[in-house]
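Geometric and topological summary
Residue-level listing of the chains:
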Amino acid sequence: NAGVTQTPKFQVLKTGQSMTLQCAQDMNHEYMSWYRQDPGMGLRLIHYSVGAGITDQGEVPNGYNVSRSTTEDFPLRLLSAAPSQTSVYFCASSRTPTARDQPQHFGDGTRLSIL
Amino acid sequence: SQQGEEDPQALSIQEGENATMNCSYKTSINNLQWYRQNSGRGLVHLILIRSNEREKHSGRLRVTLDTSKKSSSLLITASRAADTASYFCATGKGGSEKLVFGKGTKLTVNP
């Protein structure tokens, strides 16, 4: 089992560019989420989805867009990259449509630098 | 904003010693989870304790939960160099699908 796969692992962008961070899981999990991790800030929730076709905002959604057209995939789009979006991005999934009562499975992250 | 806050922020011990990390939270919860993150990797789930449980064990890990004090502790016994990592608590509360993470405790186990 691959688990949660994130691509790319590293990316450098220029301010104003757009890009999509990919996340795929092969466990038929209903809940998927995106976090960003910054030094001293822990993990902060960007967007999450409780099933295909359903998404909602987390704590820090501005500048990011998501969609969930299939159970397996949950891409995160940066609309116009800004230096403040330099971070490590993690995708996670859990079996039921809620993260609060199930272990979350994490990918290994995408390290993103915005120049 | 973070629901859980870990204490201490950093902890350095010798191999074989026990490591204790604490997590405090602000509002009522359904359960509390602990995760480990090795450098450069994603988080790995360690243990989940429900609000009606007081203590849970998994191998060398012991987690306690005190809902009256809104706090939890993670004890790693007989630590090894491989336990060097950051440890995070995460809380889930009723009515919300989300999990909220603390800022983590960085544990260093010296050989």
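Residues numbered from 1 in each chain as written. Chains lettered and ligands numbered in written order. Predicted model: local features only at pLDDT ≥ 70, side-chain atom pairs only at ≥ 80, totals over all residues. Heavy atoms only, no water.

**What to know about the overall build of chain A**
As a reminder of what qualifies: Segments assigned H or I by DSSP are reported as helices when at least four residues long, segments assigned E as strands when at least two residues long, and all are numbered from the N terminus. We compute the radius of gyration from the C-alpha atoms alone; for a globule the expected value is 2.2 Å times N to the 0.38, where N is the number of residues. Burial classification: accessible surface area is computed with a 1.4 Å probe over protein chains only, and a residue below 20% of its type maximum counts as buried, one above 50% as exposed, and the rest as partly exposed. Residues are treated as being in contact if the distance between any of their heavy atoms lies within 4.5 Å. With residues, only the protein chains shown are counted as cover, and all accessible areas are computed by Shrake-Rupley using a 1.4 Å probe.
Per the secondary structure count, chain A includes zero helices and eleven strands. Counted from the first residue to the last, chain A has its helices and strands arranged as β-β-β-β-β-β-β-β-β-β-β. A compact globule built from 115 residues would reach a C-alpha radius of gyration of about 13 Å, and chain A, at 13 Å, matches this within 12%. Projected onto the principal axes, the alpha-carbon positions of chain A cover approximately 40 × 30 × 25 Å. Residue burial in chain A is summarised as follows: out of 115 residues, 50% are buried. The contacts in chain A between residues at least 6 apart in sequence include a share of 54% that link residues at least 24 apart. Accessible area for chain A stands at about 5100 Å²; split by element, carbon and sulfur atoms hold 50% of it.

**Let's talk about the sheet that holds strand β8 (residues 71-76) of chain B**
All names here are of chain B. Put simply, the rule reads: Pairing between strands is defined by DSSP: at least two bridges between the two strands are required. Axes here mean lines fitted to C-alpha atoms, for a helix over just the part in contact, with angles spanning 0 to 180 degrees between N-to-C directions.
Strand order across the open sheet formed by five strands is β1-β3-β8-β7-β6, with antiparallel pairing between neighbours. Pairing within the sheet leaves two strands with one partner each, and these edge strands are β1 (4-7) and β6 (55-58). For this sheet the average axis-to-axis angle between neighbouring strands, irrespective of direction, equals 15°. In this sheet, strand β3 (residues 19-25) lies alongside β1 in antiparallel orientation, the contact comprising four bridges. Across the sheet, residue glutamate 6 finds its bridge partner in β3, namely cysteine 23.

**A few points about the interface of chain A and chain B**
Put simply, the test is: Reported buried area values correspond to the accessible surface (1.4 Å probe) lost by two parts on association, with both partners' losses combined. Salt bridges are defined by distance alone: a side-chain nitrogen of Lys or Arg within 4 Å of a carboxyl oxygen of Asp or Glu. Polar contacts here mean pairs of N or O atoms no more than 3.5 Å apart (in protein, one a potential hydrogen donor and the other a potential acceptor; neighbouring residues in sequence count only if both atoms are side-chain atoms). Lys, Arg, Asp and Glu make up the charged group, whereas Ala, Val, Leu, Ile, Met, Phe, Trp, Tyr, Cys and Pro make up the nonpolar group; the residues left over, Gly among them, are polar.
Counting residues at the interface gives 26 residues for chain A and 26 residues for chain B. The contact between chain A and chain B buries some 1900 Å² in all, and 50% of this surface belongs to carbon and sulfur atoms. Considering only the side of chain A, the residues that lose the most area to chain B are Leu43(A), Arg100(A) and Phe106(A), jointly responsible for 31% of the buried surface there. Our count for the contact surface shared by chain A and chain B stands at one salt bridge. We note a salt bridge from Asp108(A) to Arg41(B), for which the minimum N-O separation is 3.1 Å. Between chain A and chain B we count six residue pairs in polar contact (both at pLDDT 80 or more) in total. Of all elements in the fold, only β4 (31-38) and β5 (42-51) of chain A reach the threshold of two or more residues within the side of chain A that touches chain B. The greatest single-element share of the side of chain A that touches chain B, amounting to six residues, is contributed by β5(A). Partitioning the side of chain A that touches chain B into residue classes produces twelve nonpolar, eight polar and six charged.

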